[in-house]
Amino acid sequence: MSDRPTPATPTSWALFATFFTIALSGFGGTLPFARRTLVERKAWLTPEDFTETLSLCQTLPGPNIVNMSIVVGARACGWRGSVAASLGLVGAPVIIVIVLGMLYSRFGALATVRQALVGLGASASGLIVATAARMAEPLLRSRPWLAAPFILVAFGAVAILRLPLPYVLVALAPLSIAAAWFWKKNRQ
């Protein structure tokens with residue numbers, strides 16, 4: 001059990017406002033901001049809950065963070081929470097993308113614009129690596145000998161060998177579930 005007090009259940013409005021803020025904070029890569037907000041700032045999820053919920057959301061069709069907003073919203077306020085959280089997440093970015101698309105069609109040929117986009121890509125890559133490390137931390141603390149091999153194999157397969165992520169997931173998911181089940185069964 002966590003020493004943290006259980007937070008109040010968020011309202012639909014709080015879900016909308018929180019996911020709206022997440023969307024605006026992390027344009028182009030909201031997962032790091034979602035984790036920081038949902039786990040550290042709002043404490044609506046524990047680090048383990050976040051990792052497990054994200055794992056579920058990654059198996060569903062659609063963008064992971066949208067799936068996360070729907071699941072978190074549903075847990076807090078049912079279907080109204082899902083609608084509020086997902087609208088908060090996608091509303092402003094849709095408008096921003098339309099405006100940026102119009103600007104890019106006008107100024108995209110400029111070298112300065114192309115260089116700025118390269119810089120944004122590098123910073124987004126850094127955010128992804130930092131988020132992966134933060135998500136792996138609770139797993140590595142609680143069960144390092146179980147989690148580390150799967151993390152390393154998945155990284156090697158996707159990042160180094162360039163195997164398609166769906167194939168890696170299909171191969172590793174049953175193995176990791178079996179290993180976790182076996183580990184939990186032998187701990188009891």
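See the structure above.
Since the structure is predicted, the reported quantities are computational estimates derived from the model, not experimental observations. (Residues numbered from 1 in each chain as written. Predicted model: local features only at pLDDT ≥ 70, side-chain atom pairs only at ≥ 80, totals over all residues. Heavy atoms only, no water.)

**Considerations on the overall build of the chain**
Here comes step 1: Each helix and strand counted, the chain has seven helices and zero strands in total.
Here comes step 2: For the chain, the spread of C-alpha atoms along the principal axes amounts to about 65 × 45 × 30 Å.
Here comes step 3: Split into buried and exposed, the 188 residues of the chain put 28% on the buried side.
Here comes step 4: Considering only contacts within the chain whose residues lie at least 6 apart along the sequence, 55% involve residues at least 24 apart.
Here comes step 5: For the chain, the exposed area adds up to about 12400 Å²; of that, 70% sits on carbon and sulfur atoms.
Here comes step 6: Of the side-chain charges in the chain, 16 are positive and 6 negative, and the distance between the mean point of each set is 9 Å. (Helix = DSSP H or I, 4+ residues; strand = E, 2+ residues; numbered from the N terminus. Buried < 20%, exposed > 50% of the residue type's maximum accessible area, 1.4 Å probe, protein only. Contact = heavy atoms within 4.5 Å. Areas by Shrake-Rupley, 256 points an atom, 1.4 Å probe, with all protein chains shown as cover. Lys, Arg positive; Asp, Glu negative; His and termini not counted. Charge placed at Lys NZ, Arg CZ, Asp CG, Glu CD.)

**Notes on the nonpolar core**
Taken as a class, soluble globular proteins show a tendency for nonpolar side chains to be buried jointly.
Here comes step 1: Ranked by internal contacts, the top residues of the largest apolar core, which has 22 residues, are Phe19, Leu38, Phe50 and Met68.
Here comes step 2: Listed by contribution, the elements that provide at least two residues to this core are helix 1 (12-25), helix 2 (31-41), helix 3 (47-59) and helix 4 (64-107).
Here comes step 3: It is helix 4 that contributes the most residues to this core, eight residues altogether.
Here comes step 4: Non-local contacts of Phe19, meaning those with residues more than four positions away in its chain, are made with Leu38, Ser69, Val72, Ala85, Gly88 and Leu89. (Core = buried A, V, L, I, M, F, W, Y, C linked by side-chain atoms within 4.5 Å.)

**Describing the side chain of Ser69**
Here comes step 1: Residue position: Ser69 is located in helix 4.
Here comes step 2: Taking the relative accessible area as the measure of exposure, Ser69 reaches 0% and is therefore buried.
Here comes step 3: Once residues lying within four places of it in the same chain are set aside, the contact partners of Ser69 are Phe19, Ala85, Ser86 and Leu89.

Bear in mind that shape data such as this cannot, by itself, settle questions of function.
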